[in-house]
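# Secondary and tertiary structure notes
Chain by chain, the residues:
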Amino acid sequence: MVIRSVKRDGLYHLVGSSKLNVSENTVKHGDLAYTKLWHSRLGHIGNHGLMHLFKHGLLEKYHSDLSFCEDCVFGKKTRHSFSKSTYVAEKPLEYVHSDLWGPAQVDTIGGNKYFLSLIDHFSRKVWIRLLKAKSDAFESFKDWKVLVENQTGLKLKCLRTNNGLEFGNIKFNSFCLENGIKRHLTIPGTPQQNGTAERMNRTLLEKARCMLISSGMRLSMWGEAVVTAAYLINRSPFSTINYKTPQEMWIGKKPILSHIRPFGCTAYAQTSQGKLLPRALKCVMLGYPDGVKGYKLLIIQPGGYKVISARDVNFNESEFP
């Protein structure tokens, strides 16, 4: 203990004296006062800058222990850095990240404005659900939960989301409570705390944007591009899982890539239109439909679009109609 004090009428009164000798204390006090003065004169320069000025002979004295400066706090306050998560999941669905993106500047051809992303921490597998409104997030989440728990035979243990109303409403909270799902929520204004979902959304949008540009397709096709991006991400290596693919981590088998084709390229789907009519329809490749061993194709018709699924398809991978 160096100094003791007693508070009287809002002020602290010194009890006894400093253990430091008077001359040493006076010297240090003088150095500190001098340093604080130049700290103020130089526009609240940092300690590092003052030290270098002293080393180069531009300041007569320097005290390394520059005391607390409230003006610096008010003027220079920044956010604390966000530490990287070190959590390691041992099984699928042990920890899931989710985020809602939108609204998009253009609706999809199906009238969707948002997408809900769900990422399994163990496998890094991502699921995308296109939504017309934020309020649809809860029902979409429930449907997804039933699907993945039935596929794996495992239960969802913990869900990490932001603090938005789409995730923090009474229905959502009650559902998680009833099903024993632990919640991890971010503090408002800190999307970095949901970094896995935020980074995944950025990757999804970067891929979708590139595919839309290369194919020349309209922005209203962004939903199909994002869903296809998720399909491709699940079949691409991740450094966080030792460069395995999410699909391999999820089902225990390496993915097959031989059927992958460029998004938006020309596709010819087999059809039966009559003995003398063409045996194929010219389409545009949109992606890979769930539960179907085939392709999702877009047929451009007078006055609108038509989306079909087909198995017998030929591609011109260098042409983007």
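To be clear, the structure that these remarks concern was listed above.
Throughout what follows, the structure given in this document is the object of discussion. Everything numeric here is computed off the predicted structure, so don't read it as measured data.

## What about the overall build of the chain?
Each helix and strand counted, the chain has 9 helices and 12 strands in total. Across the 321 residues of the chain, 37% fall into the buried class. In the chain, the proportion of contacts linking residues at least 24 apart, taken out of those at least 6 apart, comes to 53%. Accessible surface, the chain: about 20000 Å² in total, of which carbon and sulfur atoms supply 55%.

## Brief notes about the sheet that holds strand β9 (residues 280-287)
If you walk across this open sheet you meet the 5 strands as β11-β10-β9-β8-β12, and the pairing is antiparallel. Each edge of the open sheet is held by one strand with a lone partner, namely β11 (304-310) and β12 (313-316). Between one strand and the next, the sheet's axes are offset by a mean angle of 40°, whatever the strand orientation. Examined bridge by bridge, strand β8 (residues 266-270) and β12 share 4 bridges and lie antiparallel to one another. Counted as the bridge partner of Ala-267 is Phe-315 from β12.

## What to know about the sheet that holds strand β6 (residues 158-161)
Pairing within the open sheet is mixed, and its 5 strands lie in the order β5-β4-β3-β6-β7. Across the chains shown, the open sheet's two edge strands, defined by having one partner strand only, are β5 (126-131) and β7 (182-185). The average angle at which neighbouring strand axes cross in this sheet is 20°, direction not considered.

## Concerning the side chain of Ser-98
Take Ser-98: it is sitting in strand β3 (residues 96-101). We classify Ser-98 as buried; its relative accessible area is 1%. At a separation of 3.0 Å, a polar atom in the side chain of Ser-98 contacts the main-chain carbonyl oxygen of Ser-117. Those residues in contact with Ser-98, other than ones at most four positions away along the chain, are Leu-116, Ser-117, Leu-118, Leu-159, Arg-160, Thr-161, Asn-162, Phe-167, Asn-194 and Ala-197.

## Some remarks on the environment of Leu-219
Inspection of the secondary structure puts Leu-219 in the loop between α7 (195-215) and α8 (222-233). Sequence separation of Leu-219 and Arg-209 is 10 residues, and the distance between their C-alpha atoms is 9.0 Å. Setting aside residues up to four positions removed in sequence, Leu-219 forms contacts with Gln-105, Val-106 and Leu-212.

## Considering the packing of aromatic side chains
Each aromatic ring pair is described using two quantities: the centre-to-centre distance and the angle formed by the ring planes. All told, the structure shown has 14 aromatic pairs when counted by the stated rule. Here Phe-141 and Phe-175 contribute two aromatic rings whose centre-to-centre distance is 6.2 Å and whose plane-to-plane angle is 85°, an arrangement assigned as edge-to-face. One end of the pair, Phe-141, is in helix α4 (residues 137-152); the other, Phe-175, is in helix α6 (residues 170-178), and 34 residues separate them in sequence. With a relative accessible area of 2%, Phe-141 lands in the buried category. For the pair Tyr-295 and Phe-315, a centre-to-centre distance of 4.8 Å together with 70° between the ring planes defines the contact as edge-to-face. Of the two residues, Tyr-295 sits in strand β10 (residues 295-301) while Phe-315 sits in strand β12, which places them 20 residues apart along the sequence. Counting every residue linked through ring pairs, the aromatic cluster contains Trp-127, Phe-138, Phe-141, Trp-144, Phe-167, Phe-172, Phe-175 and Trp-250. The ring of Tyr-231 carries the charged tip of Arg-235 above its face, separated from the ring centre by 3.6 Å.

## Side note on the pairing of β3
The element β3 is extensively covered by neighbouring structure, given that 5 of its 6 residues are classed as buried. Two elements, β3 and strand β4 (residues 114-120), share 6 bridges in a ladder whose sense is antiparallel. Each bridged residue has a counterpart across the sheet, and for Asp-99 the counterpart in β4 is Ser-117. Pairing between β3 and β6: 2 bridges, direction parallel.

## Quick word on the packing of α4 against α6
Taken N-terminus to C-terminus, the directions of α4 and α6 make an angle of 20°; their axes are 10 Å apart at the nearest point. With respect to α6, the element α4 is oriented roughly parallel. In contact with Phe-138, Phe-141, Lys-142 and Lys-145 of α4, α6 contributes Lys-171, Phe-172 and Phe-175.

## Points about the environment of Ser-135
Secondary-structure assignment places Ser-135 in the loop between β5 and α4. Judged by relative accessible area, which is 60%, Ser-135 ranks as exposed. Between the C-alpha atom of Ser-135 and that of Phe-167, which follows or precedes it by 32 residues, the distance is 9.5 Å.

## Concerning the state of the cysteines
Considering all chains together, one arrives at 0 disulfides under this definition. Of the cysteine sulfurs around Cys-158, a residue in no disulfide, the closest is that of Cys-176, at 9.6 Å.

## A word on the nonpolar core
Counting 26 residues, the largest nonpolar core has Val-126, Leu-204 and Met-217 as its most contacted members. Counting residues per element, the ones that place at least two in this core are β4, β5, α7, α8 and β9. When residues no more than four places from it in sequence are discounted, the contact partners of Leu-204 are Phe-115, Val-126, Ile-128, Val-226, Ala-229, Ala-230 and Ile-233. Core analysis: the next-biggest nonpolar cluster, separate from the first, contains 21 residues, Leu-118, Trp-127, Phe-141 and Trp-144 among them.

Criteria and cut-off values
- Residues numbered from 1 in each chain as written.
- Predicted model: local features only at pLDDT ≥ 70, side-chain atom pairs only at ≥ 80, totals over all residues.
- Heavy atoms only, no water.
- Helix = DSSP H or I, 4+ residues; strand = E, 2+ residues; numbered from the N terminus.
- Buried < 20%, exposed > 50% of the residue type's maximum accessible area, 1.4 Å probe, protein only.
- Contact = heavy atoms within 4.5 Å.
- Areas by Shrake-Rupley, 256 points an atom, 1.4 Å probe, with all protein chains shown as cover.
- Pairing = 2+ DSSP bridges.
- Axes fitted to C-alpha atoms, helices over the stretch in contact; angles between N-to-C directions.
- Polar contact = N/O pair within 3.5 Å; in protein donor to acceptor, adjacent residues only side chain to side chain.
- Phe/Tyr/Trp six-rings, centres within 6.5 Å; stacked < 30°, edge-to-face > 60°.
- Lys NZ or Arg CZ within 6 Å of the ring centre and 35° of its normal.
- Parallel < 35°, antiparallel > 145°, perpendicular 65-115°, else oblique.
- Disulfide = S-S within 2.5 Å.
- Core = buried A, V, L, I, M, F, W, Y, C linked by side-chain atoms within 4.5 Å.

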